[in-house]
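# Structural features, examined
Residues per chain, in single letters:
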Amino acid sequence: MRSALFAATAFFSLAVTGQSVLAAEAPYVDDRSDAEAVIRSFYSAINRQEFARAWDYFGDTRPAKDFDAFVKGYDGTESVEVKTGGVSEDGAAGSIYYNVPVAIRATAKDGSENVFAGCYTLRQGNASIQEPPFRPIFIDKGALKPSKAEFEDAVPASCGDAPPPPKKDAALEQAKKAFAAAYGDQCDKEMPGGEPLAEPDAYSLRYRDAGAEADQPERETRLFRFFCSMAAYNESAVYYVHDDVSGVRQLQFASPELDIHYENNDSEGKVEAINVTGFQTDDQLVNSEYDDATKTISSLNKWRGVGDASSAGTYLFRNGNFSLVQYDVDASYDGEINPQTVVDYNTPP
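The sections below set out a description of the structure shown in this document. Within each chain, residues carry numbers counting from 1 in the order of the written sequence. Per-residue local features are limited, in this predicted model, to residues with pLDDT of at least 70; the limit for side-chain atom pairs, both in listing and counting, is 80 or more; totals at the level of whole chains, interfaces and linings are taken over all residues. Side-chain measures were taken over the full set of non-hydrogen atoms in the model, leaving aside hydrogen atoms and water.

### Comments concerning the environment of Asp283
- Numbering of helices and strands runs from the N terminus, with a helix taken as a DSSP run of H or I at least four residues long and a strand as a DSSP run of E at least two residues long. Among the secondary structure elements, Asp283 is positioned in the loop between β11 (271–282) and β12 (285–286).
- Note: C-alpha distance between Asp283 and Ala254 (29 residues apart in sequence) is 9.1 Å.
- Not counting residues within four places of it along the chain, the set of residues in contact with Asp283 comprises Tyr183, Ala237, Val238, Gln250, Leu251 and Gln252.
- Under the rule applied, a polar contact is a pair of N or O atoms within 3.5 Å (in protein, one hydrogen donor and one hydrogen acceptor; residues adjacent in sequence only if both atoms are side-chain atoms). At 2.6 Å, the side chain of Asp283 and the side chain of Tyr183 are in polar contact. We call two residues in contact whenever any of their non-hydrogen atoms come within 4.5 Å of each other.

This is the structure we're talking about:
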């Protein structure tokens, strides 16, 4: 399988004339837990101009005739972005070989961009039989060539004899692009604690249109929940839906505008009345979750950490859309959880 991956003349073609050191302020990543992580770590080293570290990700087959030539190969390059595809593996003679489809976008110091695509082979020797010094997973060889495809579409479907990866979830990919375009600069780039952002929660909601005949097929709406940000006691999320008519669209959630009257106008005092004066829409929900059993999205916005004052909405999925059916408000900062319902479309008139 290895011989099928690369021709005998395969070489590390990233270090082409005109490329040079990259942005030294790029994040430091040194993760050798799997093949994809090694590739991303390699480009982290390149972007930070840590060429000795980049050189060390390779085994006996080096990417250039010597280290100086390797460094010189990046003259003129400002930064490199990398995308990887589905990783396949093959075991042979006490080692595991990983095949990683890769595309990169190299930005030169003059602002020009070039896309390259191809495959890397990485190798992991059997850890149980190694002797010191231990050799972690490393890059065995790789060959990238100029690509005419857009960067987002340039990753090869597979490498060598590996089967193509599963088809991408088109609706999910559209939702991710819409979220990145609208909230890329607003929402957190990582989870609290520094963990990378997880994939959005995805749900499939099947239903029939109102008045549809029993023999008519069900329709499907996809629901995607994206984590946005985390504060001391509130977490916000953004929701998108997809169907075969409208494609991807962001959900906006109705919420009442409130006129709250406190005794002696003291917000810490007794609540005398809560009046709904109108409605607005919110593009994010706080402390929210979707319940597939009831087909509802619920939210709980704590007004302070102990949760004795809050507002909570319930949004029901019906006929292809989510509608506000209940809104509860606990406006008293009295140390007790005692909300009152100010909007109720669950109870028949």
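Picking up where we left off.
### Considerations on the state of the cysteines
- Cysteine sulfur atoms that pair up within 2.5 Å are treated as a disulfide. Here the structure, examined in full by the defined rule, presents two disulfides.
- With its sulfur 2.1 Å from that of its partner, Cys119 forms a disulfide with Cys159. Measuring the twist about the S-S bond at about -100°, one finds the Cys119-Cys159 disulfide to be left-handed. Placement of Cys119 in strand β4 (residues 113–125) and of Cys159 in the loop between β5 (138–146) and α5 (170–183) is noted, with a sequence separation of 40 residues between them.
- Classification of Cys159 as buried rests on a relative accessible area of 2%.
- For Cys187, the disulfide goes to Cys228, at an S-S distance of 2.0 Å. Torsion about the S-S bond of the Cys187 and Cys228 cystine: about -90°, corresponding to left-handed handedness. Residue Cys187 is located in the loop between α5 and β6 (201–207), and its partner Cys228 is located in strand β7 (residues 219–230); the two are separated by 41 residues in the primary sequence. Each member of the pair, Cys187 together with Cys228, is buried.
- Regarding the disulfides, the protein carries the connectivity 1-2, 3-4 under sequence-order numbering of its bonded cysteines. Burial classification: accessible surface area is computed with a 1.4 Å probe over protein chains only, and a residue below 20% of its type maximum counts as buried, one above 50% as exposed, and the rest as partly exposed.

### Topic: the nonpolar core
- We define a nonpolar core as any set of buried Ala, Val, Leu, Ile, Met, Phe, Trp, Tyr and Cys residues linked to one another through side-chain atoms lying within 4.5 Å. Within the largest apolar cluster, 27 residues are counted, with the highest numbers of intra-cluster contacts made by Ile39, Phe42, Tyr43, Tyr120, Leu122 and Ile139.
- Looking at this core, the elements with two or more residues in it are α2 (35–47), α3 (51–56), β1 (77–84), β3 (95–108), β4 and β5.
- In terms of residue count, the dominant contributor to this core is α2 (seven residues).

### Here's the deal with the sheet that holds strand β15 (residues 310–318)
- On the basis of which strands lie adjacent, the open sheet formed by five strands has the order β13-β14-β15-β16-β17 and antiparallel pairing. Only two strands of the sheet have a single neighbouring strand rather than two, namely β13 (289–291) and β17 (340–344). When the angles between neighbouring strand axes are averaged without regard to direction, this sheet yields 20°.
- A pair of strands counts as paired when DSSP detects no fewer than two bridges linking them. In terms of strand pairing, strand β16 (residues 321–330) meets β17 through four bridges, oriented antiparallel. Pairing of Val329 across the sheet is with Gln340, part of β17. Whenever a helix is involved, its axis is fitted only over the stretch in contact; in every case the axis is a line through C-alpha atoms, and angles between N-to-C directions fall within 0 to 180 degrees.

### A few points about α2
- Given the number of residues in a helix, its expected span is that number minus one, multiplied by 1.5 Å. In this model α2 runs 19 Å from its N-terminal to its C-terminal C-alpha over 13 residues, within 8% of the 18 Å that 1.5 Å per residue would give.
- Counting buried residues in α2 gives 11 out of 13 residues, a clear majority hidden from the surface.
- Those residues of α2 not exposed but buried are Ala35, Ala37, Val38, Ile39, Ser41, Phe42, Tyr43, Ser44, Ala45, Ile46 and Asn47.
- If you follow the buried residues of α2, they end up packed against α3, α4 (67–72), β1, β3, β4 and β5.
- One or two residues past the end of α2 sits Gln49, with phi positive at roughly 65°.

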